[in-house]
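Listed below, chain by chain, are the residues.
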There are 2 protein chains.
Amino acid sequence: MAAMRSGGTKRAGGSGPRIGIVGGGQLARMTAVAAAQLGCAVHILEREPDSPAARLAAHSEVGDWNDPAVLRRFAAQVDCVTLENEFVDATSLAAIEEAGLPLLPASAALARVQDKLLQKQALTAAGLEAPPFRAVETPAEARAAGADFGWPLVLKARRNGYDGKGNVTVRSAAEVASAWRRLGGAPGRLFVEAWCAFEAELALIVTRAADGASVVYPVVETVQRDHICHRVRAPAPVAPDVARRAADIGARAVAAVGGTGSFGIELFLAADGRLLVNELAPRVHNSGHYTIEACACSQFENHVRAVLGLPLGSPAMVAPAAAMINLLGAGAGSGRPEGLREALAIAGAHVHIYGKDRSRHGRKMGHVTALGRTLAEAVAAAESAADRIRFGRSA
Amino acid sequence: MAAMRSGGTKRAGGSGPRIGIVGGGQLARMTAVAAAQLGCAVHILEREPDSPAARLAAHSEVGDWNDPAVLRRFAAQVDCVTLENEFVDATSLAAIEEAGLPLLPASAALARVQDKLLQKQALTAAGLEAPPFRAVETPAEARAAGADFGWPLVLKARRNGYDGKGNVTVRSAAEVASAWRRLGGAPGRLFVEAWCAFEAELALIVTRAADGASVVYPVVETVQRDHICHRVRAPAPVAPDVARRAADIGARAVAAVGGTGSFGIELFLAADGRLLVNELAPRVHNSGHYTIEACACSQFENHVRAVLGLPLGSPAMVAPAAAMINLLGAGAGSGRPEGLREALAIAGAHVHIYGKDRSRHGRKMGHVTALGRTLAEAVAAAESAADRIRFGRSA
C-alpha cells in the first residue's frame, strides 16, 4: 500500500471522515484531538518520524511534503487535506487539487498568504491598512526605500519566515548590505516594510467556512519575547471600538485571500489608534491556544468543522478572561519537563505538554492556559504555573 | 519485542511518562486525550484490534487481559498500569504487583469492588448505608430473602454486571427460579438486594490520590433508560444538604475500598431523604463525562494525575449547569452518525463521537454535553443536538 512508507504506521481509523494534515507538530496534534472528538481519523504527513501529532493520529506517514507525488498519494487516502504550517509550497499542493482531491485552504489561498509580499498586496487591495511596504530587488532599492519610509526599516523574506526568522530590522543605510546577505537576498526574494512603533500587538483567530461564513474569536493581546509569542491575554484590554475594528479586519483579511479554516491574524495597534495588519497565518495559530479552554468551540474544532463542511461553533468565551503562556525550551535536553508537579498544584492552570522528544533553546515545548474573572487573575495563575516548568538546561 | 503481538502497533511515545490502560473503549480513549495533554504516552491492552482508544494511543497491544503473563509483559513497558473497566480479574492483575510494577487502583481495591457482594460489605462496614443485601447460595435462600426484604427483590450477579446486565428484578417467589437460571446462579455467584423505591438516582465522581487526598465532583442526577445511562444533569437539583451528604458518602466510599484514581459512585435518593449507595465503579464513569467541558479539571485528567502521583486539579464547575446525553446505537449499522451536521448547528452542544467501527442496538457510540446558565438551558441544548444524531437503523 502506497501509504506504508518508512517510519509510517497504520491503524484502522474507524468509520468517520478521514482528515489528512500536512505537518505533525503541536498544531496538528491539537487539531487531531479535536478531530477525534468528532469521530474523525487523522492522517499525518511529516518529514520526520515520531512527530507530536503522529502519536495521536490513526495513521502517520513520513515523506517529503514538497513532492507532488507524495502529496497526491497522501490525499488519495483521506476525505480532505489541510495543513498545520505555511511552508509547504502551494504549487506542490496544487497537485492535490489537480487530482480532484479536496485541499483546504485551497492552494490559491495558500499562494496568496505564503508569499508575504503577495499577502500584503492582497490585504491592502481589499482596503485593509498595513505598514507601508515595497518589493526590493537589490540592496540599492532597499536603501532607497529606507530613505522614503525612514529608518529603522524592516527587511523581510517573502517566504518561510516565522517567529522573527526571515526578518531583519535595519537601523540605517549602512546596515542594508549585511542584512541583505543574512536573508540570502536575491531578486524576487525580499521586500521591505516601514518600522511600526506600536502601542500593542493584537491578534485574533477567524474561522471561515467554504461557503464564506465566518466566526471571529475575541481579539487578544500578544507579547513577544525574542520574536516568539510569550503571552496572550484574552480578550485584549482595548477599547470596544478597537475590538470591533479588529474583528472586522480579521474577517475581511481571511476573505481577501479566499481562506477556508482557522486563520491567525496579527495586528499592530498604532499610537494613533489605527490598526495595521502585520501578518496572516493560513492555519490555527499560537495566539488561539487559549480557545481550547476559554471558548465554547476551539480554533481547532472549528478548523475541523470548516474543512469538513460542518457548521461552525461559537467562538464566544466561557469565562471573562484567559491568559496563555508559552513554554519554551531553556536549552538542549529532554522533552520531559521539570516542575510539572509544582505547576499542576496551581489551581486553574491547564498545562499542555507537547510530548516532543527533545528540548532546544526557544523550542515550543508546551503552554499553560488559565481562566479568570479578570485578566490579572488569569495571568497570575498561568504565569505561576509556567514559571515552575523548565525544559532543558539554559546555557 | 514482547509488546509486538498480532494486531499491535508501535510508535515512539516521546519523552513523557507512559501509562498503560487495560481496555480500549471510550473511557480509555478520553483518558488517553487527557494523558496526552500532560505529555504522557498511552499504551492500550485490548482483546480486539482497532479499539477506539488504540487510535489515540502511542502503542496498542492485543492480548488476553486475564492472562497474568500478558499483563506482566504489558506492565513492564510502562510507568504504571490502570484500567478502564472492572472486568479484568483482580487476581490476574495482582501478577503486575507481584512483579514489582505499579498498578492503580491496587488489585486489593479492585477485588473489593469487582465482587459486588464484597463491595457492599466493605461500604456498609465503613458505616455507609445501602439497600439491604444478602448472599444467596440457592434459589431457596433467594426466596427466603424475598420473604424477609419484601418483593420485588433484585437478584444480582456478584461479578461482571453493567448497564443492567447481571441484574434481574424478581417480582415474586415464583419468578426466582427463572431469574436464577438467567443469571447462571450457582453457589458463590449471586446475591440479593432489597428493591429501592428511589426519588432520584444520583451519582458523583471522586478522584483519590495514592496519599488518600481526594477531590469530589458535584453530585449529579442520572436518568437511565433500559438500564443504560441516558441523561446526566449537573449539579443535581437537590437540596444543599443532600449534595453535602452525597459528597461525604462518595469520598468515604472510595476510601473504604482503598481506591486510587477516579471512581464513579451511584446513589439512590430515597423518598425519606436517605442516600443509599447503589454501586461503586473503580474507574472513570459515564456520569462524569460532563466534567470534560464543565469542570476545571476533568475526571479523566484527574485520573491521570492520580495514577502518576501528581497533584489533583479542581473539580469545580466552570458554568452554573451542564447536561450530558448518551448517544446509543439505534440498531446495527455504521459507527458514523447521521445528523452530525444538524447537531453541530445547535449552539453550545459539545458532540463526542467515539469512532467505533459498528453500531449495535444500545451500544454507547458517543455523547453530547452542553453547558448553561440553568439546567433547563443545558438540557435543551444537549437534547436538541442528541435528538438529531442517529447510529444504525432501528429495527
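Please read these numbers as outputs of a predicted model, since none were measured by experiment.

Cut-offs applied
Residues numbered from 1 in each chain as written. Chains lettered and ligands numbered in written order. Predicted model: local features only at pLDDT ≥ 70, side-chain atom pairs only at ≥ 80, totals over all residues. Contact = placed C-beta atoms within 7 Å. Helix = DSSP H or I, 4+ residues; strand = E, 2+ residues; numbered from the N terminus. Nonpolar A, V, L, I, M, F, W, Y, C, P; charged D, E, K, R; others polar. Least-squares fit on C-alpha atoms with pLDDT ≥ 70 in both. Domains from an automatic or database assignment. Core = buried A, V, L, I, M, F, W, Y, C linked by C-beta atoms within 7 Å. Buried ≥ 20, exposed ≤ 12 C-beta atoms within 10 Å, placed from the backbone. Pairing = 2+ DSSP bridges. Axes fitted to C-alpha atoms, helices over the stretch in contact; angles between N-to-C directions. Parallel < 35°, antiparallel > 145°, perpendicular 65-115°, else oblique. Expected span 1.5 Å × (residues − 1).

Engineer: Explain the interface of chain B and chain A to me, using residue names and the numbers behind them.
Structural biologist: Of the residues lining the interface, 42 residues belong to chain B; the matching set on chain A comes to 42 residues. For the side of chain B that touches chain A, the elements supplying multiple residues, two or more each, are α1 (26-37), α11 (340-344) and β18 (349-353) of chain B. Looking at the side of chain B that touches chain A, its residues break down into 20 nonpolar, 14 polar and 8 charged.

Engineer: Quick one: what's the story with the relation of the copies chain B and chain A, residue by residue and with numbers?
Structural biologist: Mapping chain B onto chain A calls for a screw motion: a turn of 180° about the axis and a shift of 0.0 Å along it, with 0.0 Å RMSD after fitting. The transformation just described matches what one would write down for a two-fold rotation axis. Of every C-alpha in chain B, the one belonging to Leu56(B) sits nearest the axis of rotation, 2.3 Å from it. With an isologous cut-off of 70% or more, the 100% of interface residues of chain B that recur at the interface of chain A puts this contact in the isologous class.

Engineer: How would you sum up the domain arrangement of chain A? Please name residues and give values.
Structural biologist: Here the domain parsing of chain A yields domain 1 (9-103), domain 2 (132-194) and domain 3 (198-388). Relative to domain 3 of chain A, the C-alpha centre of domain 2 of chain A lies at a distance of 28 Å.

Engineer: How would you explain the nonpolar core if you had to name every residue and give the values?
Structural biologist: Leu267(A), Ala382(A), Val42(B), Leu267(B) and Ala382(B) are the most contacted members of the largest nonpolar core, which totals 272 residues. Excluding its chain neighbours within four sequence positions, the residues that come into contact with Leu267(A) are Leu202(A), Ala203(A), Ala246(A), Ile249(A), Leu275(A), Leu276(A), Val277(A) and Asn278(A).

Engineer: Residues and numbers for the environment of Ala28(A), please.
Structural biologist: Along the chain, Ala28(A) falls in helix α1 (residues 26-37). Among residues more than four places away in sequence, those in contact with Ala28(A) are Ile21(A), Gly23(A), Ile44(A), Ala53(A) and Glu84(A).

Engineer: Hey, could you go over the pairing of strand β7 (residues 153-157) of chain B for me, with residue numbers and the actual values?
Structural biologist: All names here are of chain B. In terms of residue burial, β7 counts as a mostly covered element, since 4 of its 5 residues are buried. The pairing of β7 with strand β8 (residues 167-170) spans 4 bridges and is classified as antiparallel. Within the sheet, the bridge partner assigned to Leu 155 lies in β8 and is Val 168. Sheet analysis places β7 next to strand β9 (residues 190-194), joined by 5 bridges and oriented antiparallel. Across the sheet, Leu 155 pairs through a bridge with Val 192, a residue of β9.

Engineer: Please give an account of the sheet that holds strand β9 (residues 190-194) of chain A that cites residues and values.
Structural biologist: Residue and element names in this part refer to chain A. The strand order β6-β9-β7-β8 describes an open sheet built from 4 strands, whose pairing is antiparallel. The open sheet has two edge strands with one neighbour each: β6 (133-136) and β8 (167-170). This sheet shows a mean twist of 25° between the axes of neighbouring strands, independent of strand direction.

Engineer: Just give me the short version of the packing of helix α3 (residues 90-98) of chain B against helix α4 (residues 107-114) of chain B, but keep the residues and values in it.
Structural biologist: Packed helix pairs are characterised by how far apart their axes lie and by the angle those axes make with each other. All names here are of chain B. Axis separation between α3 and α4 bottoms out at 9 Å; the angle between their running directions is 175°. For the element pair α3 / α4, the angle class is roughly antiparallel. Seen from α3, the contacting residues are Ala 90, Leu 93, Ala 94 and Glu 97; seen from α4, they are Ser 107, Leu 110, Ala 111 and Gln 114. Residues belonging to the contact of α3 with α4 are distributed by class as follows: 5 nonpolar, 2 polar and 1 charged.

Engineer: Explain the environment of Arg112(A) to me, using residue names and the numbers behind them.
Structural biologist: All names here are of chain A. Turning to its location among the elements, Arg 112 is positioned in helix α4 (residues 107-114). Sequence spacing of Arg 112 and Gly 258 is 146 residues, and the spatial spacing of their C-alpha atoms is 8.7 Å. Apart from the residues within four sequence positions on either side, Arg 112 is in contact with Leu 118, Gln 119, Ala 122 and Val 257.

Engineer: I'd like to hear about α1(B), residue by residue, with values.
Structural biologist: Residue and element names in this part refer to chain B. Here α1 is 12 residues long and its end C-alpha atoms lie 17 Å apart, about the 16 Å a rise of 1.5 Å per residue gives. Counting buried positions along α1 yields 12 of 12 residues, so the element is predominantly enclosed. For α1, the complete set of buried residues consists of Gln 26, Leu 27, Ala 28, Arg 29, Met 30, Thr 31, Ala 32, Val 33, Ala 34, Ala 35, Ala 36 and Gln 37. Of the residues trailing α1, Gly 39 is marked for its positive phi of about 85°.

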